[in-house]
Amino acid sequence: MTRPSSLPSGTQIGRVSLLASDRSELVEFYRDVVGLEMCSRSSGETTLGAGGRALLVIGEDQNAAPRDRTKAGLYHTAFRVPSRTALSDALRRIRTQWELEGASDHDVSEAIYLTDPAGNGVEIYRDRPRDRWSTSGGHVEMGSKPLDLESLLAASSGQPEGERIVIEDVIDPETTVGHVHLEVSAIDDARAFYEDGIGFDIAVEPAPSVLFFAAGGYHHHVAVNTWNRRSAPASGQGVAWFEITVPDESALTAVRDRVRATGGTLSEHDDGFDVTDPDGIEVRVRLENGT
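Residues numbered from 1 in each chain as written. Predicted model: local features only at pLDDT ≥ 70, side-chain atom pairs only at ≥ 80, totals over all residues. Heavy atoms only, no water.

**Section: the layout of surface pockets**
Taken as a whole, the largest pocket encloses approximately 650 Å³ of empty space. Tyr75, His76, Tyr113, His181 and Trp227 are the residues nearest the centre of the largest pocket, which is lined by 34 residues in total. Among the secondary structure elements, those contributing two or more residues to the lining of the largest pocket are β5 (73-81), β7 (109-115), β8 (121-127), β14 (176-183), β15 (201-207) and β16 (210-214). The leading source of residues in the lining of the largest pocket is β7, at four residues. Partitioned by chemical class, the residues of the lining of the largest pocket number 14 nonpolar, 15 polar and five charged. (1 Å grid on protein atoms, 1.4 Å probe; cavity = no way out; pocket = protein on both sides within 12 Å on 5 of 7 lines; lining within 4 Å. Points joined across faces, edges and corners; volume = space filled by probe spheres on them. Helix = DSSP H or I, 4+ residues; strand = E, 2+ residues; numbered from the N terminus. Nonpolar A, V, L, I, M, F, W, Y, C, P; charged D, E, K, R; others polar.)

**Thoughts on the side chain of arginine 80**
Here arginine 80 is to be found in strand β5. Residues within four places of arginine 80 in sequence aside, it is in contact with Gln12, Tyr125, Asp127, Glu174, Thr175, Thr176, Gly178 and Tyr218. (Contact = heavy atoms within 4.5 Å.)

**Quick notes on the packing of aromatic side chains**
Here the structure, examined in full by the defined rule, presents seven aromatic pairs. Both rings, one in phenylalanine 29 and one in tyrosine 30, keep their centres 4.8 Å apart while their planes meet at 90 degrees; by these two values the pair is edge-to-face. Among the residues examined, phenylalanine 29 registers a relative accessible area of 2% and is labelled buried. Residue tyrosine 30 is classed as buried on the basis of its relative accessible area of 0%. (Phe/Tyr/Trp six-rings, centres within 6.5 Å; stacked < 30°, edge-to-face > 60°. Buried < 20%, exposed > 50% of the residue type's maximum accessible area, 1.4 Å probe, protein only.)

**Re empty space enclosed by the protein**
Across all of its chains, the model carries one cavity of 30 Å³ or more by this definition. Its boundaries defined by the atoms lining it, the largest cavity holds a volume of some 30 Å³. If you trace the largest cavity, you find it lined by Arg67, Ala72, Gly73, Leu74, Ala234, Ser235, Gln237, Gly238 and Val239. Breaking the lining of the largest cavity down by element, the ones donating at least two residues are β5 and β18 (238-246). The residue makeup of the lining of the largest cavity, split by class, is four nonpolar, four polar and one charged.

**Quick look at the sheet that holds strand β4 (residues 53-60)**
Strand order in the open sheet formed by eight strands is β2-β3-β4-β1-β18-β21-β20-β19, and the pairing between neighbours is mixed. On the outer flanks of this sheet lie β2 (37-41) and β19 (267-269), each paired with one strand and no other. Across the sheet, the mean angle from the axis of one strand to that of its neighbour is 25 degrees, orientation sign disregarded. (Pairing = 2+ DSSP bridges. Axes fitted to C-alpha atoms, helices over the stretch in contact; angles between N-to-C directions.)

As structure tokens, this is what we get:
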């Protein structure tokens, strides 16, 4: 249920940053398989995106330790495409260049899943229209059924060329980061941070081991789970930080006040602030048009 202190409609996930010991493989994967465009490159990081919008920052530290089985961190980054056609094109691109690991119909969305060369999970999905979503007790109802891949492939925009279908090399320009899904050490600690501190509403609470947070009635902007029994803070390779963008100064001030009231330590910036969640993951809260 929406509370007066909830994040406003218009709150979104901004950029996600991954840290790698060698970013070259990751850059090639997100460019060639996911279909993101190169936005910028420096000696320390590469930024990729869609339609001129930065979505993913890949940093490099040759001394960064691999993520081991105890560490919290990223379950997957979820790229949201605007149509079933765009999702179909993404599926064709994956099938020709990578290995698809899963595909699900979640009632509110259709999603396909894969893993990047460094072991970071990736979801690409499209939402069904909101007027087709079901709710119960103020929560969005989400299922998990097998996705009809042949039906999805038929929606492709690709053109026949001999015996194969040719599709665009780049993902749809309206693609965004729809949500991030994290592996945490304790659901209650994550709930206190993302609900009480940041101000998300509980959108879906399907089991004690998983929780979905959202703003503006969305199905989820952040998800957390304890399925793999992570017990140590995130560090080294994997997720470095992710952004939550809010639409105006009043929303930014409200988040800042809530985080301080719940004991969070902030690092201030011109367009927002950074705070670390209970599992050592940096969350950057920014104005929508900030940098």
